[in-house]
Amino acid sequence: MLIQMVAPLDGESGRFSGLAAMLKTLRLEHPKCYGQFIEMDDMAGDKLAYRLHNESRNPEEPMIRYRHDERFIAGWSELGISQEELHISWKEHGVYLLTGGAGSLGLIFAEEMVSQVRQITLILTGRSQLTLHQQGQIAELRNSGARVSYEQVDVSDKESVNRLIQSVVAQYGSLNGILHGAGVCRDSFLMKKTREELHSVLDPKVNGLVHLDQATRGIRLDFFYLFSSIAGSLGNPGQADYAAANAFMDSFASYRNGLVMKKERYGQTISVNWPLWQEGGMQMDESVRRQRMEQAGMAMLRTDKGIRALYQIASAGVDQAMVMEGNTAQLRAAVCSDRRPAIDVKSGGDLLHSSASEMPDDAFFLHLTQQISSGELSEEQLAEILKVSSMRG
Ligand SMILES: NC(=O)c1ccc[n+]([C@@H]2O[C@H](COP(=O)([O-])OP(=O)(O)OC[C@H]3O[C@@H](n4cnc5c(N)ncnc54)[C@H](OP(=O)(O)O)[C@@H]3O)[C@@H](O)[C@H]2O)c1
């Protein structure tokens, strides 16, 4: 079965991109199902039908974009950053908001921030009351001299987010950066997902992100880092909703950086597709973890490597980066394959211009000939198909 989803390519087309990650997950859960997410800036005439027809001949390609009659496919390339290129994003007297800040990664980064900068203010948020253990961890952060507060705020509630941002600015005079780590998983196969599960997973990463962005639109942030997951970039069985939520954040980063260019927002947005952290809160079942790791050559991310990765990514000026630790040769082969030639991620981490792809085969041309002689295909339609085919070649 092939499912093709088509989205218009306009200024806000990223709002649909979570569906691409959902389709990638579907493919992993049901190997006989193929999914394609296709964006087009022009669907006039027969373009839509003929492009869909052509893409159906290459169902393994999950993300395709047509812009100005050119065809692009999504891909990854390795960021060539040296070990020395680190950008420490936090500064003395800085005020930072960490959503999901009392979670595992929130506290790991809070600890890192207070170890780098003495005079710092951290506002950690979550929906729940703090446990005794979390209270102890926050007390330790304060021992270093930092001002640390915890606010019970559900980021999916717009008014609560507005009130939080207003009170932070009123109390501390500014807000310099945001680490958006709020998130939940509700793992189950796509066939079994309930509406309630879907919404609870999408809420913090989709609505929560939009609310935070809007509430801070006039604030001169230095950065807005989004804690996404490799599920968003590659899909993950049992996590169709989580993959979609993270993929939304990935495209939001590029959308928001576009607004920064227009001076409608402030601060670099980066979406980081994290793998499983050794000390993270979101864990997988042990047997699933071992199996997936072995298949992909992936290892759990060590804390020091993860922190360093964020500093490296921040120095690279990209919208989105995926972090992986493990067998690099295997990871390169799986992610940066030859048929997806490298793009310069530094130029925006956008979609990749396809330069290496299959040539149409003889059967394809025979099929076209038959369609022309039977009158099913007009001259204009043939021209469109040949244009697409030559781009693919
Ligand atoms: N840990 C990993 O290995 C890993 C891997 C890839 C990506 N990530 C991403 O990194 C982020 C942090 O992960 P983690 O391991 O620290 O997870 P975690 O320990 O479960 O922490 C996530 C926090 O988000 C908060 N949260 C959830 N929904 C919220 C909402 N609507 N409003 C406000 N807060 C909310 C939760 O607190 P309450 O329940 O109190 O609200 C929780 O403390 C997540 O977004 C996750 O997707 C983590």
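These numbers come from a predicted model, not from an experiment.

S.K.: Help me understand the pairing of strand S10 (residues 268-274) in this model?
M.R.: Regular strands place side chains that alternate from one sheet face to the opposite one. Counted residue by residue, S10 has six buried out of seven residues, so it is predominantly covered. Here strand S9 (residues 223-229) runs beside S10; their pairing, made up of seven bridges, is parallel. Bridging from a neighbouring strand, Ser 228 pairs with Asn 273 of S10. In this sheet, strand S12 (residues 320-322) lies alongside S10 in parallel orientation, the contact comprising three bridges. Within S12, the position partnered with Ser 271 by the bridge is Gln 320.

S.K.: Where do I start with the site of the ligand in this structure?
M.R.: Near the ligand, the surroundings consist of 27 residues, among which Arg 127, Ser 128, Tyr 242, Trp 277 and Gly 281 are the closest. Contacts to the ligand include Leu 105, whose backbone N or O atom sits 2.7 Å from an oxygen atom. Here an oxygen atom of the ligand sits 2.5 Å away from a polar atom, N or O, in the side chain of Tyr 242. Within the residue set of the shell around the ligand, elements represented by two or more residues are helix H3 (104-116), helix H6 (195-215) and S9. Looking at which element gives the most residues to the shell around the ligand, the answer is S9, with three residues. The residue inventory of the shell around the ligand, partitioned by class, reads 13 nonpolar, eleven polar and three charged.

S.K.: I keep staring at the sheet that holds strand S5 (residues 94-99) and nothing clicks. Help me out?
M.R.: The strands making up a sheet are joined through hydrogen bonds of the backbone, oriented either antiparallel or parallel. Across the sheet, which stays open at both edges, the seven strands sit in the order S7-S6-S5-S8-S9-S10-S12 with parallel pairing between neighbours. The two strands at the open ends of the sheet, each matched to only one other strand, are strand S7 (147-152) and S12. Pairs of neighbouring strands in the sheet enclose a mean axial angle of 15°, with direction left out of account. Its contacts with the sheet put H6 on S5, strand S8 (177-180) and S9, and the angle it makes with S9 is roughly 175°.

S.K.: I keep staring at the environment of Met 324 and nothing clicks. Help me out?
M.R.: Within the element layout of this structure, Met 324 appears in the loop between S12 and strand S13 (325-326). Exposure remark for Met 324: the relative accessible area of 24% places this residue in the partly exposed category. Spatially, the C-alpha atom of Met 324 lies 8.7 Å from that of Ile 230, the residues being 94 residues apart in sequence. Ignoring any residue separated from it by four or fewer positions in sequence, one finds Met 324 in contact with Leu 234, Pro 275, Met 298, Leu 331 and Val 335.

S.K.: Quick question: what am I supposed to make of H6 here?
M.R.: Structurally, the α-helix is built with 3.6 residues per turn, so residues lying three or four positions apart point the same way. Residue Asp 203 marks the point of greatest curvature in H6, where the axis turns by about 55°; the proline Pro 204 follows within four residues. Along H6, the residues classified as buried are Glu 197, Ser 200, Val 201, Pro 204, Lys 205, Val 206, Gly 208, Leu 209, His 211, Leu 212, Asp 213 and Ala 215.

S.K.: Can you walk me through helix H10 (residues 303-316) in this structure?
M.R.: End to end, H10 covers 20 Å across 14 residues, agreeing with the expected 20 Å (1.5 Å per residue, within 8%). Along H10, ten of the 14 residues are buried, which leaves the element largely enclosed by surrounding structure. What H10 keeps buried is the set Thr 303, Gly 306, Ile 307, Ala 309, Leu 310, Tyr 311, Gln 312, Ile 313, Ala 314 and Ala 316. Buried residues in H10 make contact with H3, S9, S10 and S12. Trailing H10 by a residue or two, Gly 317 shows a phi angle of about 65°, which is positive.

S.K.: Which parts of the structure should I look at to understand the pattern of salt bridges?
M.R.: Should their charged atoms come close, side chains of opposite charge can pair. Under the definition given, this model contains 13 salt bridges. The residue Arg 51 makes a salt bridge to Asp 69 at a minimum N-O spacing of 2.8 Å. Here the residue Arg 51 occupies a position in helix H2 (residues 47-55), and Asp 69 occupies one in the loop between strand S3 (63-67) and strand S4 (70-73), the gap between them amounting to 18 residues. Residue classification places Arg 51 among the buried positions, given a relative accessible area of 1%. A salt bridge links Arg 302 to Glu 325, with the nearest nitrogen and oxygen atoms 2.3 Å apart. Placement of the pair is Arg 302 in the loop between strand S11 (298-299) and H10 and Glu 325 in strand S13, with a sequence separation of 23 residues. Given a relative accessible area of 38%, Arg 302 falls into the partly exposed group. Connected via shared salt-bridge partners are Asp 42, Lys 47, Arg 51 and Asp 69.

S.K.: Where do I start with the nonpolar core in this structure?
M.R.: A general tendency of soluble globular proteins is for nonpolar side chains to be buried together. By size, the foremost hydrophobic cluster in this structure holds 40 residues, and its most contacted members are Trp 90, Phe 109, Ile 120, Leu 122, Leu 124, Leu 179 and Trp 274. When residues of this core are traced back to their parent elements, those giving at least two are S5, H3, strand S6 (120-126), helix H4 (132-143), S7, S9, S10 and H10. Once residues within four sequence positions are removed from consideration, Phe 109 is found in contact with Trp 90, Leu 179, Phe 227, Trp 274, Trp 277, Gly 306, Ile 307 and Leu 310. Formed by 25 residues, the second largest nonpolar core is a distinct cluster that contains Ile 178, Leu 209, Ala 215 and Leu 226.

Rules used in this analysis
Residues numbered from 1 in each chain as written. Predicted model: local features only at pLDDT ≥ 70, side-chain atom pairs only at ≥ 80, totals over all residues. Heavy atoms only, no water. Buried < 20%, exposed > 50% of the residue type's maximum accessible area, 1.4 Å probe, protein only. Helix = DSSP H or I, 4+ residues; strand = E, 2+ residues; numbered from the N terminus. Pairing = 2+ DSSP bridges. Near = heavy atom within 4 Å. Polar contact = N/O pair within 3.5 Å; in protein donor to acceptor, adjacent residues only side chain to side chain. Nonpolar A, V, L, I, M, F, W, Y, C, P; charged D, E, K, R; others polar. Axes fitted to C-alpha atoms, helices over the stretch in contact; angles between N-to-C directions. Contact = heavy atoms within 4.5 Å. Bend = angle between axes of the 7 residues up to and from the residue. Expected span 1.5 Å × (residues − 1). Salt bridge = Lys/Arg side-chain N within 4 Å of Asp/Glu carboxyl O. Core = buried A, V, L, I, M, F, W, Y, C linked by side-chain atoms within 4.5 Å.

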